[in-house]
Amino acid sequence: MAGAADPQQVIRAGIAALQAGDPARGAALLSDAAAVLPPEQMPWLALGNAQLALGRNDAAEAAIDRALLVDGRDVGALLFKGLLRERGGDARAAASFFQAALNQAAVTGCPAPFTDLLDYARRALSAAETGFAEHLMAAIGDNVSPTMRTAIDMLMGRTEPYLQQPSLFYYPFLPQKWFYDWRDFPWLEDMLALLPAMQDELAAVEDETFTPYVVRVPGRPAPNNPLLDDPAWGAFYFWREGSRNEAAAARCPATLQALSLAPMPRIPGRAPNALWSRLLPGAHITPHVGLLNTRLICHIPIRPAPGCTLRVGGETRAWEPGVPLVFDDSVEHEARNDGPEPRVVLLFEIWRPEVPEEDRETLSRIFAAINGYGMG
């Protein structure tokens, strides 16, 4: 570049040449300007674009690298860098730059000239995720444990690492398990032996005894729940907040006998809680979390029905005849009845097996104190 030439005029001429379809002249002029201008004053993307149009990928990438030194979060530079790494055969690096570009564009927006390239980055990332999943599964095969399959699903972005997030009380250092194996609770076998009798008891009282599960509590705000006062989610209580329903006990002795076998918490004014939970066709219990992570929730299918599912964290299961479900309700969960028949389970809470006896006693005193606070 001649000594008297204005670098900014040279840049404008270079960009005009590029826009006119003469990348060779554009690259030459912009390279001249780059030789004399401070890096922060140089339109590195324009130079990179000119070099790319000429097939000079290394020179184009060198220009984009200079742009990223000036501004490491420049959306256009990140997109160009991803494209150049893709053309250079480095799929992992390309994906990292494309993802960084998408993340930044979500915050600051994407300049209009790069919207098409941003769309390309989305498609490239989707293809890369599919390719990575295929590569990974080919390497490890299908013979993996359920825990490893969930870990792989998290690695590949198929599910989230759902964690305990109880709304009232968090007991630390517990394992993050969504579902437990019901066979690890031997007393459930004895409860299942009473299943036919419990089913007979349900049939005898079902038409007259269920009330909405979500109801208003006198003196408290109404729950923000779409099933408020809705019989689509119905309940028939055997134990409620530590009090036994004597009328239910008299009519359903087999069910009360079954519940006596479970290690339910005994906390005055709070626990145990045990009920038949009925979900009518079309009902959806929306995602929510329980109050505590010191308990597990057990479901014994009294009347399973097709099209009914329970999602806990990233795993969805159906209720099957004779197969209890044991899960941590402090993890986000939801239930649906997308079938044509009502579903009824015996729902009750138990102590988490990892909580030692001395802590259970302390927890009982804590929860009793919480219940008694501010009651005059």
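Conventions adopted
Residues numbered from 1 in each chain as written. Predicted model: local features only at pLDDT ≥ 70, side-chain atom pairs only at ≥ 80, totals over all residues. Heavy atoms only, no water. Core = buried A, V, L, I, M, F, W, Y, C linked by side-chain atoms within 4.5 Å. Buried < 20%, exposed > 50% of the residue type's maximum accessible area, 1.4 Å probe, protein only. Helix = DSSP H or I, 4+ residues; strand = E, 2+ residues; numbered from the N terminus. Contact = heavy atoms within 4.5 Å. Phe/Tyr/Trp six-rings, centres within 6.5 Å; stacked < 30°, edge-to-face > 60°. Lys NZ or Arg CZ within 6 Å of the ring centre and 35° of its normal. Axes fitted to C-alpha atoms, helices over the stretch in contact; angles between N-to-C directions. Left-handed = near helix turned anticlockwise from the far one by under 90°. Salt bridge = Lys/Arg side-chain N within 4 Å of Asp/Glu carboxyl O. Pairing = 2+ DSSP bridges. Parallel < 35°, antiparallel > 145°, perpendicular 65-115°, else oblique. Patch = residues over 30% accessible without salt bridge, like charges linked within 9 Å, V, L, I, M, F, W, Y side chains within 5 Å. Areas by Shrake-Rupley, 256 points an atom, 1.4 Å probe, with all protein chains shown as cover.

## Things to note about the nonpolar core
For step 1, the next point in the chain: Ranked by internal contacts, the top residues of the largest apolar core, which has 36 residues, are M42, L45, I64, L79 and F98.
For step 2, the next point in the chain: Only α1 (7-19), α2 (23-34), α3 (44-53), α4 (57-70), α5 (75-87), α6 (91-108) and α7 (115-140) provide two or more residues apiece to this core.
For step 3, the next point in the chain: When residues of this core are assigned to their parent elements, the largest contribution, 7 residues, is made by α5.
For step 4, the next point in the chain: Filtering out sequence-adjacent residues up to four positions away, I64 remains in contact with W44, L45, G48, A77, F80, K81 and L84.
For step 5, the next point in the chain: L195, L202, F238 and W276 belong to the second-largest nonpolar core, a separate cluster that totals 35 residues.

## A word on the packing of aromatic side chains
For step 1, the next point in the chain: Following the criterion strictly, the structure yields 13 aromatic pairs and no others.
For step 2, the next point in the chain: Ring centres 6.2 Å apart and planes at 55° place the aromatic pair Y180 and F185 in the tilted group.
For step 3, the next point in the chain: You can call F185 buried: its relative accessible area is 7%.
For step 4, the next point in the chain: Taking the centre distance of 5.9 Å and the plane angle of 65° together, the rings of F185 and W187 count as edge-to-face. In terms of burial, F185 and W187 fall into one category: buried.
For step 5, the next point in the chain: Clustering of aromatic rings is evident, with ring pairs tying together Y180, F185, W187 and F348.
For step 6, the next point in the chain: Its end group placed over the ring of Y237, R240 keeps NZ or CZ at 4.2 Å from the ring centre.
For step 7, the next point in the chain: For the cation-ring pair, R343 lies above W319, with the distance from its terminal atom to the ring centre recorded as 4.5 Å.

## Thoughts on the environment of Q41
For step 1, the next point in the chain: With respect to the element layout, Q41 can be found in the loop between α2 and α3.
For step 2, the next point in the chain: Considering only alpha carbons, one finds Q41 and P7, 34 residues apart in sequence, at a separation of 9.9 Å.
For step 3, the next point in the chain: Sequence-distant contacts of Q41, that is, excluding residues within four places in its chain, are made with Q8 and I11.

## As for unusual backbone geometry
If a residue is not glycine, its phi is most likely negative; likewise, a peptide bond is most likely trans.
For step 1, the next point in the chain: Going from A271 to P272, the amide bond is cis rather than trans, its omega being 15°.
For step 2, the next point in the chain: Relative to the helices and strands, P272 is located in the loop between α12 (253-259) and β5 (274-279).
For step 3, the next point in the chain: Positive phi values are uncommon outside glycine, yet D229 reaches one of about 60°.
For step 4, the next point in the chain: Structurally, D229 is set in the loop between β2 (211-212) and β3 (233-240).
For step 5, the next point in the chain: You will see that E241, though not glycine, has its phi angle at about 50°, which is positive.
For step 6, the next point in the chain: Following the sequence through the fold, E241 ends up in the loop between β3 and β4 (243-244).
For step 7, the next point in the chain: The class for E241 is partly exposed, based on a relative accessible area of 48%.

## Examining the packing of α4 against α5
For step 1, the next point in the chain: Viewed as axis vectors pointing N to C, α4 and α5 meet at an angle of 150°, and their least axial separation amounts to 9 Å. For the pair α4 and α5, the sense of crossing is left-handed. Counting all contacts with α4, which are made through N57, A60, E61, I64, D65, A67 and L68, the residues of α5 involved are A77, L78, F80, K81, L84, R85 and R87.

## Some details on the pattern of salt bridges
For step 1, the next point in the chain: Under the counting rule described, the total for this entry stands at 20 salt bridges.
For step 2, the next point in the chain: With a closest N to O distance of 2.7 Å, E332 and R311 form a salt bridge. Of this pair, E332 sits in the loop between β10 (325-327) and β11 (333-337) while R311 sits in strand β8 (residues 308-312), and the two are 21 residues apart along the sequence.
For step 3, the next point in the chain: One network of salt bridges, with partners in common, ties together E61, D65, K81, R85 and D90.

## As for the pairing of strand β12 (residues 343-351)
For step 1, the next point in the chain: Counted residue by residue, β12 has 9 buried out of 9 residues, so it is predominantly covered.
For step 2, the next point in the chain: Along β12, one buried face is formed by R343, V345, L347, E349 and W351 and the opposite face, lined by V344, L346, F348 and I350, is buried too.
For step 3, the next point in the chain: Sheet topology note: the strand β7 (residues 295-303)/β12 ladder contains 8 bridges and is antiparallel. The residue of β12 that forms the bridge with H299 is L347.

## Brief notes about the pairing of β7
For step 1, the next point in the chain: With 8 of 9 residues buried, β7 is to be regarded as a mostly interior element.
For step 2, the next point in the chain: Summarising the sheet, β7 and β10 pair through 3 bridges and their orientation is antiparallel. Looking at β10, one finds that C298 is bridged to V326.

## Brief notes about the packing of α3 against α5
For step 1, the next point in the chain: At a closest axis distance of 11 Å, the pairing of α3 and α5 adopts a crossing angle of 25°. By the angle between their axes, α3 is roughly parallel relative to α5. Crossing hand, α3 versus α5: left-handed. Between α3 and α5, the contacting residues are L45, N49 and L52 on the first element and G76, A77, F80, L83, L84 and R87 on the second.

## Observations concerning a nonpolar patch on the surface
For step 1, the next point in the chain: Together, L168, L291, I366 and I370 make up an exposed nonpolar region whose accessible area comes to about 290 Å².
For step 2, the next point in the chain: Note that I370 resides in helix α13 (residues 357-372).
For step 3, the next point in the chain: Taking relative accessible area as the criterion, I370 reaches 36% and is therefore assigned partly exposed.

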